[in-house]
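# Observations on the three-dimensional arrangement
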Amino acid sequence: MIEIERLEKTFTQPGGERVPALRGIDLVIPTGQFVTVIGTNGSGKSTLLNAVAGTFLPDGGTIRIAGIDVTRQPEFRRASLIGRVFQDPFKGTCPSMSVGENLRMAELRGERRGLRVGLSRSALDRYHELVKGLGMRLEGRLRATMGTLSGGQRQAITLLMATLKRPQLLLLDEHTAALDPRAADQIIKITDDVVRENKLTTLMVTHSMEQALEQGDRTIMVHRGEILADLSGDERAGLDANDLLRRFTELRYTVEFAVANRPPA
Amino acid sequence: MTLACGKSDARKIVIGYAQVSSVATLDEARAGFFKALADSGFVPDKTITVIERNAQGDIPALGLIMSDFQQQGVTHVATVSSVATQAALKSITDRPIIFGAVANPYVIGAGTSPANHRPNITGAEIPLPVDSAVVLAHETFPDVKEWGTLFDPADPFAEFYLEKAKAGAAAAGVRLITVACTGPGDIAAGIQALKAQGARGVVQIPSVMIGGAFSAVVKSTRQANMPLVGTTTSFQGAPIALGLSFYANGYDMGLIMIRVLRGADPATIPFQSEKKRSLVVDLASARAYGVTIPPAILARADSVIGGNPEAKTSTAGPQAITQQPARRGNNPFEFWLVAITQGLAFAALAWGVYLSSRVLRFADITPDGSFTLGAAVAAAMIVSGKDPLLATGVAVLAGMVAGYVTGLLHTRLGVKDLLAGILVMTALYSVNLHVMGKSNISLLDVRTLVADVHAIIPASQGWSDDLSLGVLFFFITVVLGLILAWFLRTDFGMAMRAVGDNPAMITAQGVDQRRMIELGLAIANGLVAFSGALMAQQQGFADVAMGVGTLVAGMAAVIMGETLLFNKRGLGYTIIMVAAGAILFRGMVALALRMGLNPIDLKLATAAFVLAALALPKLRVTRSAFRTAK
Ligand SMILES: Nc1ncnc2c1ncn2[C@@H]1O[C@H](COP(=O)(O)OP(=O)(O)O)[C@@H](O)[C@H]1O
Ligand SMILES: [Mg+2]
């Protein structure tokens, strides 16, 4: 279970301008739930995921993962709980190290790393099977350096890395946005399989309304650092992409209108 | 305001004593000076106050020392060495300056003749008889017709002494070859350059810098089979030396100081010149060089040391040293053997630099200090009688601490990588001086790793020292390379590589990258210090300035190693090639020297090698691209 309470974060831009990116987010995700997140550019989706992962410490509020209060923990300490895939395929792997080495490093996520040559024959055999399961014909390339793989191939490996050691929470931030449509479809399929198979609690940001509805069990809309709508169950099942877009636009205008007509402070 | 205690009984004497560095000559003058004072009842801390300062080779610090003297109300200034005297001349005009250990006070502007000088300065000069030393060299070794000498272009007396040496050479009818040398690390190279230019023996003219590293001159001339003639008797290791006593010079300086303390006006005291020459023959050194001293010269010697029962008994000179003749190979490959041995010693340095610059991608400048630290710790422990292996191990630990501190400054205090390294490197200069207690430690006649090789491989007894070290360094390098390759493949080592490759990713995998940087820099500088410790034992001395340019040499080795990779990848390959790069780099330096390159241009050549290594892969790419385009 993930419990986020009144989470706040304000950034100060280099010019001194203050940008409130999260304004009191409350979100509870039961164990095993797959939540999709939509919202306009700059609405705070990535900031939300980064705050949960610990890239920075929030200004206020609390974050609990599986009952552990991680709000003040540095990123590397809560890493054992979290698996992550970023939008940028370059971000999740070490380009000059081999695919096998990357997998080995991910397998030890959050664990003590000793003076042992961990990338043994048996580990390689194990990875061979897992990579084969991705269905991307990467199983023969465990010794190749990561940098020689295409964006889609990297994201598939990153996804495998994020789940190799079962995380309490999987964070996916527009992880298909940088890929061509075919590769994006492949990655979405793999995501769906992995999440289902391992019953992973997942928070996935997407810019595609279709994806937001097709994937997962619940969809939240983020706008100006707040959750505008939280859809699940029958209400969500009855919507298609156009409905969702309309709904989102309406809600946004209501908020913008309210903001515009707010009496000056 | 009136003083409560009334009029003070006598004007309080406060002597400000300044010396540029701790070289044997200057230390002898210092001893003579204080002995003279004590003999007349002027005892520091009892009847007079002495503020003693040593600039430890940092020449600009002398100016600070002088203004500090003024602030502390010093009544008399005593300066030993010309640079210290120069600094005093510049800033002290209202109180007496008494100098000693100055070769030529006129060159530095203290006056125009012994009686005609600036009113507030006087002292005792010591014009070393360099011309006579060249004549003596010729008399002792009549077969040698080409004599060489190194000179420090920054030394104010270089020209003065070179002129004297030329005059002596003209009188003796021999040729004089000179090569400039800008730092202790270039001495070995300078001797090679002298040899390449035809010199068959060396008469070393006085120089504070070269004198401070005299053991390097001894080692290199022994290596090159060139007899060495000293021009001061304060340094050991030359078969013969003709000089003046710095102790007597310091004593004279003390006598002058006493006259001034008793009220004489410095303006009325003429400069005194040290005249008493002393010829010292060191039979042990002669044996080490494999030369014999003609009986006529022995008969003239004021002192003979080195334990020959038939010879005159040793007089005042330094205590007799028991010297094992250094074993020298006589084959033509000896020169290249030295180059390869040094290259092997540099392999650890190259790996250290590879670890910080390539694996961690951290611009670490600490090696310029940690290399010397390794040398200093090893040398200091070895001369105090510790086992060389133990000393080398402790040197590695010291280097690790230095690297760890650089890491801490960066990770915990947010200091930028370059600045963190600069800070630690600068601080290490003082630390290294403390460790050594002086600016140079000679390892010529102490037990070094060579002895351990003899103990491990009995057959090596007959080998030359450099062959023994070469074999040892080869094994060390192979073992170290295997350990490094294994380490970087462990789970821990992989995480360290990932910190340089993608810090965000490895943080997300639960690794604290700050700790990795701290530990990585510790290991890197441990390797660098190891290299420094080996280097000190190979070259026979540790010097506080030997670290200058270490990082550049290490980078050069790494870049050459990468060029040698020819686009092949793999950790094992890279590690081997980086070591090969270190050997190649030393080899190229050796080749440049063999070809008679002036050591002043050595750094220029180094830059050219690195540039060539950097440009080579580019040229290759352009050519193949061109071929594809066609
Ligand atoms: N590190 C940062 N420094 C300053 N401003 C930031 C930073 N990260 C995000 N922001 C700002 O916070 C707001 C939310 O950004 P983000 O969470 O990236 O939006 P998105 O919903 O598109 O992922 C934006 O206005 C963005 O400019
Ligand atoms: Mg975003």
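Heads up: these notes are all about the structure in this document.

The next point concerns the packing of aromatic side chains. Residues and elements named next belong to chain B. On inspection of all chains with the given rule, the structure shows 13 aromatic pairs over all chains. For the pair Tyr17 and Phe34, a centre-to-centre distance of 5.2 Å together with 45° between the ring planes defines the contact as tilted. Taken together, the positions of Tyr17 in strand 1 (residues 14–19) and Phe34 in helix 1 (residues 24–39) put the pair 17 residues apart, joining distant regions of the chain. As far as burial versus exposure is concerned, Tyr17 and Phe34 are alike and both buried. Aromatic pair Phe99 and Phe271: ring centres 5.1 Å apart, planes at 80°, arrangement edge-to-face. Placement of Phe99 in strand 4 (residues 97–102) and of Phe271 in the loop between helix 9 (246–261) and strand 11 (272–273) is noted, with a sequence separation of 172 residues between them.

A surface patch of nonpolar side chains, about 440 Å² in accessible area, is lined by A:Leu115, A:Val117, B:Val479, B:Ile483 and B:Trp486. Assignment of secondary structure puts A:Val117 in the loop between helix 3 (99–107) and helix 4 (121–133). Taking relative accessible area as the criterion, A:Val117 reaches 36% and is therefore assigned partly exposed.

Turning our attention to the packing of helix 4 of chain A against helix 5 (residues 151–164) of chain A. Residue and element names in this part refer to chain A. Where helix 4 contacts helix 5, the axes come no closer than 11 Å and their chain directions differ by 125°. Considered as vectors, helix 4 and helix 5 are oriented oblique to each other. Judged by the twist between their axes, the crossing of helix 4 over helix 5 is right-handed. Counting all contacts with helix 4, which are made through Tyr127, Leu130 and Val131, the residues of helix 5 involved are Ile157, Leu160 and Leu164. Here the contact of helix 4 with helix 5 is composed, by residue class, of six nonpolar, no polar and no charged.

Turning to helix 20 (residues 513–539) of chain B, a few remarks are in order. Two residues of an α-helix separated by three or four positions point the same way, owing to the 3.6 residues in each turn. Residue and element names in this part refer to chain B. With 27 residues, helix 20 should cover 39 Å at 1.5 Å per step; its first-to-last C-alpha distance of 38 Å lies within 8% of that length. Burial analysis of helix 20 places 22 of its 27 residues in the buried class, which makes it a mostly covered element. At the C-terminal side of helix 20, Gly540 shows a positive phi close to 85°.

Residue and element names in this part refer to chain B. For helix 15 (residues 417–436), spanning 20 residues, the distance from its first C-alpha to its last is 28 Å, which sits close to the expected 28 Å at 1.5 Å a residue. Tyr429 marks the point of greatest bend in helix 15, at about 25°. Next to the buried residues of helix 15 lie helix 13 (367–383), helix 14 (388–413), strand 14 (440–442) and strand 15 (541–543). Gly437 lies just past helix 15 and shows a positive phi near 75°.

Attention now goes to the site of ligand 1. Residues and elements named next belong to chain A. As a matter of local geometry, ligand 1 sits amid Phe11, Gln13, Val19, Ala21, Thr40, Asn41, Gly42, Ser43, Gly44, Lys45, Ser46 and Thr47. Between an oxygen atom of ligand 1 and a main-chain N or O atom of Ser43, the distance comes to 3.2 Å. At a separation of 2.7 Å, an oxygen atom of ligand 1 approaches a polar side-chain atom of Ser46. Across the complex, the protein chains shield 64% of the 550 Å² of accessible surface that ligand 1 would expose by itself. Of all the secondary-structure elements, those providing two or more residues to the shell around ligand 1 are strand 2 (18–29) and helix 1 (45–53). Of the residues forming the shell around ligand 1, the biggest block, three residues, is contributed by helix 1. For the shell around ligand 1, the per-class residue count stands at three nonpolar, eight polar and one charged.

Right, let's get into the side chain of B:Asp512. When you line up the elements, B:Asp512 lands in the loop between helix 19 (503–508) and helix 20. Those residues in contact with B:Asp512, other than ones at most four positions away along the chain, are A:Phe76 and B:Arg412.

Basis of the calculations
- Residues numbered from 1 in each chain as written.
- Chains lettered and ligands numbered in written order.
- Predicted model: local features only at pLDDT ≥ 70, side-chain atom pairs only at ≥ 80, totals over all residues.
- Heavy atoms only, no water.
- Phe/Tyr/Trp six-rings, centres within 6.5 Å; stacked < 30°, edge-to-face > 60°.
- Helix = DSSP H or I, 4+ residues; strand = E, 2+ residues; numbered from the N terminus.
- Buried < 20%, exposed > 50% of the residue type's maximum accessible area, 1.4 Å probe, protein only.
- Patch = residues over 30% accessible without salt bridge, like charges linked within 9 Å, V, L, I, M, F, W, Y side chains within 5 Å.
- Areas by Shrake-Rupley, 256 points an atom, 1.4 Å probe, with all protein chains shown as cover.
- Salt bridge = Lys/Arg side-chain N within 4 Å of Asp/Glu carboxyl O.
- Axes fitted to C-alpha atoms, helices over the stretch in contact; angles between N-to-C directions.
- Parallel < 35°, antiparallel > 145°, perpendicular 65-115°, else oblique.
- Left-handed = near helix turned anticlockwise from the far one by under 90°.
- Contact = heavy atoms within 4.5 Å.
- Nonpolar A, V, L, I, M, F, W, Y, C, P; charged D, E, K, R; others polar.
- Expected span 1.5 Å × (residues − 1).
- Bend = angle between axes of the 7 residues up to and from the residue.
- Near = heavy atom within 4 Å.
- Polar contact = N/O pair within 3.5 Å; in protein donor to acceptor, adjacent residues only side chain to side chain.

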